[in-house]
Amino acid sequence: MNQKLKEKIQESLSAVLPITGIVLLLSVFLIPMELGTLVMFFVGAAMLIIGMGFFQLGAETAMTPLGEGIGVQLPKIRKIGLIALIAFAVGLIITISEPDLQVLAEQVPSIPNLTLVLTVAVGVGVFLAIAILRIVFKVSLSTLLIIFYGLLMVVSFFIPKEFTAVAFDSGGVTTGPMTVPFIMALGVGLASMRNGKDASDDSFGLVALSSIGPILTVLILGCFFSPKETVYSGIDISKVVTTQDVAREFGRYIPKYAEEVVISIAPILAVFIVFQIFCKRYYKREVMRISIGFIYTYIGLVLFLCGVNVGFAPIGSLMGEEIAALPYRWILVILGALIGYFIVKAEPAIQILNHQVEGVTNGSISAHAMNTCMSIGVSVSVGLAMLRILVGIPIMWILIPGYVIALVLSRIVPKIFVGIAFDSGGVASGPMTTTFLLPLSIGACTAVGGNLMTDAFGVVALVALTPLIAIQIMGVVYKLKLRKLENVTSDTADDSDEIVILEDDTNE
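How each quantity is defined
Residues numbered from 1 in each chain as written. Predicted model: local features only at pLDDT ≥ 70, side-chain atom pairs only at ≥ 80, totals over all residues. Heavy atoms only, no water. Helix = DSSP H or I, 4+ residues; strand = E, 2+ residues; numbered from the N terminus. Buried < 20%, exposed > 50% of the residue type's maximum accessible area, 1.4 Å probe, protein only. Contact = heavy atoms within 4.5 Å. Areas by Shrake-Rupley, 256 points an atom, 1.4 Å probe, with all protein chains shown as cover. Axes fitted to C-alpha atoms, helices over the stretch in contact; angles between N-to-C directions. Parallel < 35°, antiparallel > 145°, perpendicular 65-115°, else oblique. Left-handed = near helix turned anticlockwise from the far one by under 90°. Phe/Tyr/Trp six-rings, centres within 6.5 Å; stacked < 30°, edge-to-face > 60°. Patch = residues over 30% accessible without salt bridge, like charges linked within 9 Å, V, L, I, M, F, W, Y side chains within 5 Å. Salt bridge = Lys/Arg side-chain N within 4 Å of Asp/Glu carboxyl O.

Engineer: I would appreciate a short explanation of the overall build of the protein in the present structure.
Structural biologist: Assigned secondary structure in the protein consists of 19 helices and 0 strands. Across the 508 residues in the protein, those meeting the buried criterion constitute 57%. Taking as baseline every contact in the protein between residues at least 6 positions apart, the subset at least 24 positions apart corresponds to 86%. Total accessible area on the protein stands at roughly 21100 Å², and carbon and sulfur atoms take up 65% of it.

Structure (structure tokens):
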């Protein structure tokens, strides 16, 4: 086996093992499950682990070089209008390719799937162009975030409340396994063409601004559509008896996801071909390497999506219904927080972001520290989402104070932490959120008889919110430690000067 691939699979194993263990313990002590259902879950977990390994290696060898290459070439164009147009087109293409968006579109009533997908894609395209122009013109990321999030809060008061959660969820699902590696690498490529102390700061923030666009465009769409109830038929749990039944069930779905991933990757592959024809940036050996990377990405996404949707999603829905039906259903909040803490580690794009952060900051912000902060943030998010289902708290009661805190912190922490934090919010809400946590929320909401549109939806939005605060708090701690270190260094220097003066006096 390829040594690099082996390392990636081992990383995936350590990420997925905790959530698998939690489900196993719950099945033994709290929610009895049929043995066939549990076997389906474990096979799905195995496919998820292998798929994540392939995907991460593919993103590293294909998506990252392509994104960085386009980022390096954009500033050379010189024509601002053409730069914005290319950024818009790239954002539009990669968003239409995003599998997570298709999952959300299937759940939203009253709006045709294509209408929602195109609306979200336009939002990403427009705001990716704004994000790139921000780097070109050296505009403060914090200032733009305050302006645009303020605009979102104002617009949200003029649309039906049933639509608010869906709009904020759409901002999270667009930054999934296809878009994040590409957009992150695009930012690194753009920043590498600049000199100065702010270059590394500007390599982050593209995902953050790209996540705002879909929320705004879907909120505007809400003025024309008014969903009243969710058409949700539930997730069927396949009845399997033998190991052949299990193999047959997964074999039935693999062709479906193989086709979906072809449709997802084809536009990005076309971008690569067009880019290489016009710019001739890569040598033959690099072209071969990137092509192999696309194959790894394809294999990884097929295995990942099949494992998650066939093995994980049904268990999530079942667990939500069963736990919410218990006499002590408040335990749903605790279990949700526990699942949230571990499930974020299984998001493929999270690992890519963490390693890019570690690389850009030369190890001063480690992947381990990022993982811990993200886990704490998502744990709080899922706990709040479960509390909303049980109590019926309006989502804006959480989103408005949360974003106010995040935006205030953005004026305090070092610039690089602002970009990392707001990027991490979009990255945290990936396929594991949409295919495990969303079914968990819907199952629980169905069991308690809540309103799916106002109570179940919104879990993706909350998962995208709390890492913003958690990472920036890490930035505040980092800033205080740096200041303390500077003070110690300054005191040491002063003591050295005094010693030198005393020695001079003695010599005289």
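Engineer: What should I look at first to understand the packing of helix 7 (residues 161-173) against helix 9 (residues 206-221) in this one?
Structural biologist: For any two helices packed against each other, the geometry comes down to the angle between their axes and how far apart the axes lie. The N-to-C vectors of helix 7 and helix 9 enclose an angle of 155 degrees; their axes lie 7 Å apart at closest approach. Regarding the angle of helix 7 to helix 9, the classification is roughly antiparallel. The crossing of helix 7 and helix 9 is right-handed. Each of Phe163, Ala167, Phe168, Ser170 and Gly171 in helix 7 lies in contact with helix 9, whose residues at this interface are Ser211, Pro214, Ile215, Val218 and Leu219.

Engineer: Help me understand the packing of aromatic side chains, please; the structure alone is not making it clear to me.
Structural biologist: How two aromatic rings sit relative to each other is set out by the distance from centre to centre and by the angle between their planes. Evaluated as defined, the whole model comprises 10 aromatic pairs. On the basis of an interplanar angle of 45 degrees and a centroid distance of 5.7 Å, the ring pair of Phe54 and Tyr296 is categorised as tilted. Residue Phe54 is located in helix 2 (residues 35-73), and its partner Tyr296 is located in helix 11 (residues 284-324); the two are separated by 242 residues in the primary sequence. For the pair formed by Phe54 and Tyr296, the shared burial category is buried. Arranged with centres 6.0 Å apart and planes meeting at 45 degrees, the rings of Tyr149 and Phe422 form a pair that is tilted. With Tyr149 in helix 6 (residues 141-156) and Phe422 in helix 16 (residues 415-428), this residue pair connects regions lying 273 residues apart in the sequence.

Engineer: What's the story with a nonpolar patch on the surface in this structure? I'm lost.
Structural biologist: A cluster of nonpolar side chains, namely Leu24, Leu25, Val28, Phe29 and Phe42, defines an oily patch on the protein surface of about 510 Å² accessible area. Top element by residues in the nonpolar patch is helix 1 (residues 3-29). It accounts for 4 residues. Assignment of secondary structure puts Leu25 in helix 1.

Engineer: Looking at this structure, I do not really get the packing of helix 1 against helix 12 (residues 331-343). What am I missing?
Structural biologist: Running from N to C, helix 1 and helix 12 cross one another at 155 degrees; their axes reach a closest spacing of 8 Å. Put simply, helix 1 runs roughly antiparallel to helix 12. Of the residues in helix 12, those in contact with Ala15, Pro18, Ile19, Ile22 and Leu26 of helix 1 are Leu335, Leu338, Ile339 and Phe342.

Engineer: Quick question: what am I supposed to make of the pattern of salt bridges here?
Structural biologist: Oppositely charged side chains can form a pair if their charged atoms are brought close together. All chains considered together, the criterion is met by 4 salt bridges. A salt bridge links Lys4 to Glu60, with the nearest nitrogen and oxygen atoms 3.7 Å apart. Placement of Lys4 in helix 1 and of Glu60 in helix 2 is noted, with a sequence separation of 56 residues between them. Take Glu60: its relative accessible area is 32%, and that puts it in the partly exposed class. Between Arg252 and Glu249 there is a salt bridge, with its nearest N and O atoms 2.5 Å apart. Of this pair, Arg252 and Glu249 both sit in helix 10 (residues 243-279), separated by 3 residues, roughly a single helical turn.

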